[in-house]
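Results of the structural survey
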Amino acid sequence: MKFLFDLFPVILFFIAYKFSNIYTATLVVIGATIFQVIYSKLVHKRVDKLLIFNAVLISILGGTTLWLHDANFIKWKPSILYWLLSGALLFFQFFKKKNLVKNLMGKQIQLTEKSWDQISITSAVFFGVLGALNLYIAFNFSESTWVNFKLFGITGLIMCYAVLIGILASRANHK
């Protein structure tokens, strides 16, 4: 259910784009993301930091897209989010000596420190590449292709990556 909750704004962005245009879709995704924050606060009594950051980022870049009537700003949003996530993983890993992935998943999975470190670094590289791929699609293909990639391509790549990490974690657990 959390996965669908996280995808909710992207799905609405996709639907709004298919029925209207990038500017309507941008307005819809801003509203959907703000709704997520409010819903989380009211129902769960807390809001995930990544959701808050995403809401701020989508509001700033989406708002700029609407204000300047320039879709390039909204196209940058996924890349900025993924690069900042990648940077945070690397910063905490190497400078703070904290593994953010382990902090998130350590209660569900027991792994060696080496395995956690490998997953953290691999995740940082994955999100860095995903950010670059988003920009490549956004600025080398049609707007419609980018919107499709945003929902299906990015979601599919993240799901494949999650499965791969699950397999690697399972193998590391059996060594």
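Numbering of residues starts from 1 in every chain and runs along the sequence as written. Since the coordinates come from a predicted model, pLDDT governs what is reported: local features require at least 70, and pairs of side-chain atoms require 80 or more to be given and counted, while whole-chain, interface and lining totals use all residues. Each side-chain value is derived from all of the structure's non-hydrogen atoms; neither hydrogens nor water enter the calculation.

What follows concerns a nonpolar patch on the surface. Residues with no salt bridge and a relative accessible area higher than 30% make up the patches, which join like charges within 9 Å and nonpolar side chains (Val, Leu, Ile, Met, Phe, Trp, Tyr) within 5 Å. We get accessible surface area from the Shrake-Rupley algorithm with a probe of 1.4 Å; when it comes to residues, only the shown protein chains can shield them. By salt bridge we mean one thing: a side-chain nitrogen of Lys or Arg within 4 Å of a carboxyl oxygen of Asp or Glu. Taken together, the side chains of Leu90, Phe91, Phe94, Phe95, Ile121, Val125 and Val129 make up a nonpolar region of the molecular surface, amounting to roughly 650 Å² of accessible area. Broken down by secondary-structure element, the contributors of at least two residues to the nonpolar patch are helix H4 (72-94) and helix H6 (113-140). Assignment of secondary structure puts Phe95 in the loop between H4 and helix H5 (100-105). Exposure categories follow from relative accessible area, calculated using a 1.4 Å probe and restricted to protein chains: below 20% of the type maximum is buried, above 50% is exposed, and the middle band is partly exposed. Given the relative accessible area of 64%, Phe95 is considered exposed. Helix and strand assignments follow DSSP, with helices taken as H or I runs no shorter than four residues and strands as E runs no shorter than two, numbered in order from the N terminus.

An axis is simply a line fitted to the C-alpha atoms; with a helix, the fit covers only the stretch in contact. Between two such axes, the angle follows the N-to-C directions and lies from 0 to 180 degrees. It is the contact of helix H1 (residues 2-19) with helix H2 (residues 22-44), at a shortest axis distance of 8 Å, that shows an interaxial angle of 160°. One way to sum up the angle between H1 and H2 is to call them roughly antiparallel. For the pair H1 and H2, the sense of crossing is right-handed. Side by side, H1 and H2 meet where Phe5, Asp6, Phe8, Pro9, Leu12, Phe13, Ala16 and Tyr17 of the first sit next to Ile22, Thr24, Ala25, Thr26, Val28, Val29, Ala32, Thr33, Phe35, Gln36, Tyr39 and Ser40 of the second. Ten residues, namely Ala, Val, Leu, Ile, Met, Phe, Trp, Tyr, Cys and Pro, are considered nonpolar, four, namely Asp, Glu, Lys and Arg, are considered charged, and the remaining ones, Gly among them, are considered polar. Each residue belonging to the contact of H1 with H2 can be placed in one class, and the counts come to 14 nonpolar, five polar and one charged. Between 65 and 115 degrees an angle is taken as roughly perpendicular, under 35 as roughly parallel, over 145 as roughly antiparallel, and anywhere else as oblique. In this scheme, a crossing is called left-handed if the near helix is turned counterclockwise away from the far one by less than a right angle; it is called right-handed if the turn is clockwise. Every residue pair with non-hydrogen atoms within 4.5 Å of one another is taken to be in contact.

This brings us to the pattern of salt bridges. Scanning all chains against the criterion turns up one salt bridge. As a salt-bridge pair, Lys102 and Glu113 come within 2.3 Å of each other at their nearest N and O atoms. In this pair, Lys102 sits in helix H5 while Glu113 sits in helix H6, placing the two residues eleven residues apart along the sequence. Lys102 sits in the partly exposed class, given a relative accessible area of 30%.

In this fold, Phe127 is placed in helix H6. With relative accessibility at 14%, the residue Phe127 sits in the buried group. Spatially, the C-alpha atom of Phe127 lies 19 Å from that of Phe95, the residues being 32 residues apart in sequence.

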